[in-house]
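Notes for the structure review
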Amino acid sequence: MYHRTRIRRTRIRLVATVAAAGICALGLTACDSGDSGDTVTDKPKAKASASATAAEKPAAEKSGTPDVAKVGDTIALKGLEDGNKLDVTVVKIADPAKSSDEFTTPGSGKRFVGVQFKLVNTGTAAYSDSPANGAKITDVDGQQFESTFADITAGPSMSSAVRLKPGGKALGWIVFEVPKASKTDTIQFAMNSGMANQTGEWKLS
């Protein structure tokens with residue numbers, strides 16, 4: 001059962017990647033998001049209450065080191081096509097995460113880490129993707145790990161085929177398999193199965 005699930009997961013990843021590449025090949029102007037090259041942003045989107053408070057403070061009190069996105073923060077991201085935009089929030093972390101069934105378990109010397117994402121379509125076009133394909137977790141040594149297929153007891157998994165109209169929302173867990181000795185440091189997310197020019201990054205530790 002687990003082997004068949006792995007194969008299905010791999011097919012989903014390949015189809016999503018090929019589809020994203022096809023979008024660029026068929027419409028180069030549509031894939032131009034206005035950015036010159038790839039960028040990684042770790043600046044959180046200002047919260048309404050925080051913005052109001054900041055507006056009341058003197059300029060001298062506003063200066064200092066810019067905030068870095070952490071768990072609970074939202075980052076605004078762009079996709080490959082005009083009109084593709086998401087507000088992405090890392091809601092919770094489950095580390096270690098426990099499998100919800102007896103058949104799916106991490107490999108020897110490894111553990112599951114779950115990250116709950118909330119996606120809100122803030123663009124003018126429909127959003128269609130397999131979000132887990134665009135997520136990666138990094139440890140303090142710089143090792144990166146891609147998502148794996150697993151359901152955990154923390155809650156429902158993110159759908160492998162999310163389709164959102166403008167204003168639509170999606171919430172779910174994305175699971176990673178990392179060495180037990182690794183200390184997680186950051187989580188990254190990019191639209192279009194990870195092929196978008198803009199990547200969001202959240203600090204975990």
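Residues numbered from 1 in each chain as written. Predicted model: local features only at pLDDT ≥ 70, side-chain atom pairs only at ≥ 80, totals over all residues. Heavy atoms only, no water.

1. Digging into the pairing of strand β7 (residues 144-148)
Definition in use: By this definition, two strands are paired if DSSP reports at least two bridges between them. Numbering of helices and strands runs from the N terminus; a helix is a DSSP stretch of H or I covering at least four residues, while a strand is a stretch of E covering at least two.
Where strand β6 (residues 135-139) lies against β7, three bridges are found, and the strand directions are antiparallel. By the bridge assignment, T138 is partnered in β7 with Q144. Linkage of β6 to β7, two consecutive antiparallel strands, is achieved through a turn of four residues, within which G142 is found at a positive phi near 90°. Here two bridges tie β7 to strand β9 (residues 169-179), and the two strands are oriented antiparallel to one another. Note that in β9 the partner of S147 across the bridge is F176.

2. Section: the sheet that holds β7
The strands that make up a sheet pair up through hydrogen bonds in the backbone, lying either parallel or antiparallel. Rule in force here: Lines are fitted to the C-alpha atoms to define the axes, a helix being fitted only along its stretch in contact, and any angle between axes, read from their N-to-C directions, falls within 0 to 180 degrees.
Ordered by their spatial adjacency, nine strands build an open sheet running β1-β11-β10-β6-β7-β9-β4-β3-β2, and the pairing between neighbours is mixed. The open sheet is flanked by β1 (39-41) and β2 (74-78), the only strands paired with a single partner. In this sheet, neighbouring strand axes are inclined to one another by 35° on average, regardless of whether the strands run parallel or antiparallel. Here 11 bridges tie strand β4 (residues 110-121) to β9, and the two strands are oriented antiparallel to one another.

3. Here we look at the nonpolar core
The line we're drawing: Each nonpolar core is a collection of buried residues, namely Ala, Val, Leu, Ile, Met, Phe, Trp, Tyr and Cys, held together in the definition by side-chain atoms within 4.5 Å. Categorising residues by exposure relies on relative accessible area from a 1.4 Å probe, with only protein chains included: less than 20% of the type maximum marks a residue as buried, more than 50% marks it as exposed, and the intermediate range marks it as partly exposed. Here, two residues are considered to be in contact whenever any of their heavy atoms come within 4.5 Å of each other.
Judged by nonpolar contacts, the single largest core of 27 residues is most densely connected at F117, L119 and F189. Broken down by secondary-structure element, the contributors of at least two residues to this core are β2, β3 (85-97), β4, β6, β8 (162-164), β9 and β10 (184-190). Excluding residues within four positions of it along the chain, F117 makes contact with V88, T89, V90, V91, A135, M158, A170, L171, G172, I174, I187 and F189. In this structure, A97, F112, W173 and V175 belong to the second largest nonpolar core, which totals seven residues.

Read these as spatial facts, not as claims about activity.
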